[in-house]
Amino acid sequence: MLKLIDMKIKIHKETLYLISLVVMAFAIAFSVVANLGVGACTVPALALSSKLSTVLPTTWDPMLRQIIGSQPFCELIIQSGLLMIFCIVIRRFRPFFLFSFVTTFIYAVILYGVQWIPAFWPEINHNYPLYLRIILLILSMVFTGVAVACSLKAYIYPPTLNFIQKGTIQHFNIKKVGIFYLLWDVTVMIISIFVIYAMHNDWQFWNYNLSYGTIISVFACGPLIGLFTAIFNKNLEIKTLFPKWEKAFEIEDKKGY
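About the thresholds
- Residues numbered from 1 in each chain as written.
- Predicted model: local features only at pLDDT ≥ 70, side-chain atom pairs only at ≥ 80, totals over all residues.
- Heavy atoms only, no water.
- Axes fitted to C-alpha atoms, helices over the stretch in contact; angles between N-to-C directions.
- Helix = DSSP H or I, 4+ residues; strand = E, 2+ residues; numbered from the N terminus.
- Parallel < 35°, antiparallel > 145°, perpendicular 65-115°, else oblique.
- Contact = heavy atoms within 4.5 Å.
- Nonpolar A, V, L, I, M, F, W, Y, C, P; charged D, E, K, R; others polar.
- Core = buried A, V, L, I, M, F, W, Y, C linked by side-chain atoms within 4.5 Å.
- Buried < 20%, exposed > 50% of the residue type's maximum accessible area, 1.4 Å probe, protein only.
- Phe/Tyr/Trp six-rings, centres within 6.5 Å; stacked < 30°, edge-to-face > 60°.
- Salt bridge = Lys/Arg side-chain N within 4 Å of Asp/Glu carboxyl O.
- Expected span 1.5 Å × (residues − 1).

K.L.:
When you look at the packing of helix α3 (residues 43-55) against helix α10 (residues 177-200) in this model, what are you seeing that I'm missing?
P.N.:
Between two packed helices, the angle of one axis relative to the other and the distance separating the axes together describe the packing. At their nearest, the axes of α3 and α10 sit 10 Å apart, and the two run at 5 degrees to each other. Compared by their axis directions, α3 and α10 come out roughly parallel. Contact residues: V43, P44, A47, L48, S50 and K51 in α3; S192, I196, M199 and H200 in α10. Split by residue class, the contact of α3 with α10 holds six nonpolar, three polar and one charged.

Listed below in C-alpha cells is the structure:
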C-alpha cells in the first residue's frame, strides 16, 4: 500500500508544456472575469485592447475587428515588441528566440478560444456576485502558479514575456531571482498607469483592470509557483517524448543570452 502511495505520476515535458498554456489561458480569463484587478503583465494588453476596440473603422468586417481588438491579439503585439527591445538590449538575436513567440501565438489562440466560452462573455460575467468574483480571482492566482510550475519543467521556450524574464536573469547574472520578479511586476504596474493614461487620458487606473487584485497577485503568485514546483518535484516523474528536440534547446541555452 505504501509503495503505491510513493509512486510518482509519469508525464512528458511536452505534455506539461501544453498544460501550462491551457491553464495559463484559463488563469488570465478568470482574472479578467473577476474584474478585481488582473496580473500586472496583463494590464497593458487589456488597455490596448480597450483602445483598439474603439478606434478601429466600423467599415471593417465585424469578425476582423473583434480579433484585432481582442486581448489575445494585443498580447501578440506587445510581446513581439518586447522581444525586439530585449534583443536590442542584449545585442543578440538567434532564430531559436522566435520559438518563444510561437508559444505566445499558441497561447493567444487558446486564450481566444477560452474567452468564447459563454461564462467569460462580458454581458454575462458582469452580473456575477462579489463572492464569486473573489473565488475567480483566487483561482486565477492558483492557476497561474500551476501554469508557471509546469512551464519550468518543459524545455520548449515559454511565452515571450517569460522567456525575456529568464533571459534577463541569465544575461545580467541576477542572483536574487525572487526579488527580480517582484521588482519586475511592480515596475510593470507603474508603467501600466502611464500606459493607461496615454491611451485613455484617465488617471483612474483602477477602472482599467489595475486594482487591488493586481497587487495581491504580485505578492501571491511567487510563493504559489514555489509551492507547486515543490509538489511537482515530489510527485511527478518527468520524461521527454522528443529527446533530440530537448537536446537542441539545451545547446541553444548553453550559448547564453
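K.L.:
Even after reading the chapter, I still don't get the nonpolar core, so can you show me in this structure?
P.N.:
Side chains of nonpolar character tend, in soluble globular proteins, to be buried together. Among the nonpolar cores identified, the biggest contains 54 residues, and M24, Y107, F163 and Y257 are the most heavily contacted of them. Elements represented by at least two residues in this core include exactly α2 (13-34), α5 (71-90), α6 (98-114), α8 (130-153), α9 (160-171), α10 and α11 (212-235). Ranked by residues supplied to this core, first place goes to α2 with 12 residues. When near neighbours in sequence (up to four residues on either side) are disregarded, Y257 contacts F86, I90, R92, F97, Y157, F163, K166, G167, Q170 and H171. Core analysis: the second largest hydrophobic core is formed by seven residues, V38, A47, Y208 and L210 among them.

K.L.:
I would appreciate a short explanation of the packing of aromatic side chains in the present structure.
P.N.:
For any two aromatic rings, the description comes down to two numbers: the centre-to-centre distance and the angle of the planes. Inspection of the entire model under this criterion finds 25 aromatic pairs. Geometrically, the ring pair formed by F97 and Y257 is stacked, given 5.9 Å between the ring centres and 15 degrees between the ring planes. Of this pair, F97 sits in the loop between α5 and α6 while Y257 is found in the segment after α12 (243-254), placing the two residues 160 residues apart along the sequence. Comparing F97 with Y257 shows no difference in burial state: the two are buried. Between F99 and W245, the aromatic rings sit 5.8 Å apart at their centres with planes inclined by 80 degrees, giving edge-to-face as the arrangement. Pair noted here: F99 is in helix α6 and W245 is in helix α12, with a separation of 146 residues, a long-range link. Taking relative accessible area as the criterion, W245 reaches 45% and is therefore assigned partly exposed. Cluster of aromatic residues (ring-pair linked, three or more members): F86, F93, F96, F97, F99, Y155, Y157, F163, W245, F249 and Y257.

K.L.:
What is the right way to read the pattern of salt bridges from this model?
P.N.:
Opposite charge on two side chains permits pairing when their charged atoms draw close. Under the defined criterion, the tally for this structure stands at five salt bridges. Ionic pairing is found between E252 and R94, a salt bridge with its closest N-O pair at 2.7 Å. Residue E252 is located in helix α12, and its partner R94 is located in the loop between α5 and α6; the two are separated by 158 residues in the primary sequence. For E252, a relative accessible area of 9% corresponds to the buried category. The class for R94 is buried, based on a relative accessible area of 11%.

K.L.:
What should I look at first to understand α11 in this one?
P.N.:
Side chains of residues three or four places apart in an α-helix project in the same direction, reflecting 3.6 residues per turn. Between its first and last C-alpha atoms α11 spans 34 Å; for 24 residues at 1.5 Å apiece the expected length is 34 Å, and the two agree. Of the residues making up α11, those classed as buried are G213, T214, S217, V218, C221, L224, I225, F228, T229 and F232. On its buried face, α11 sits against α8, α10 and β2 (236-239).

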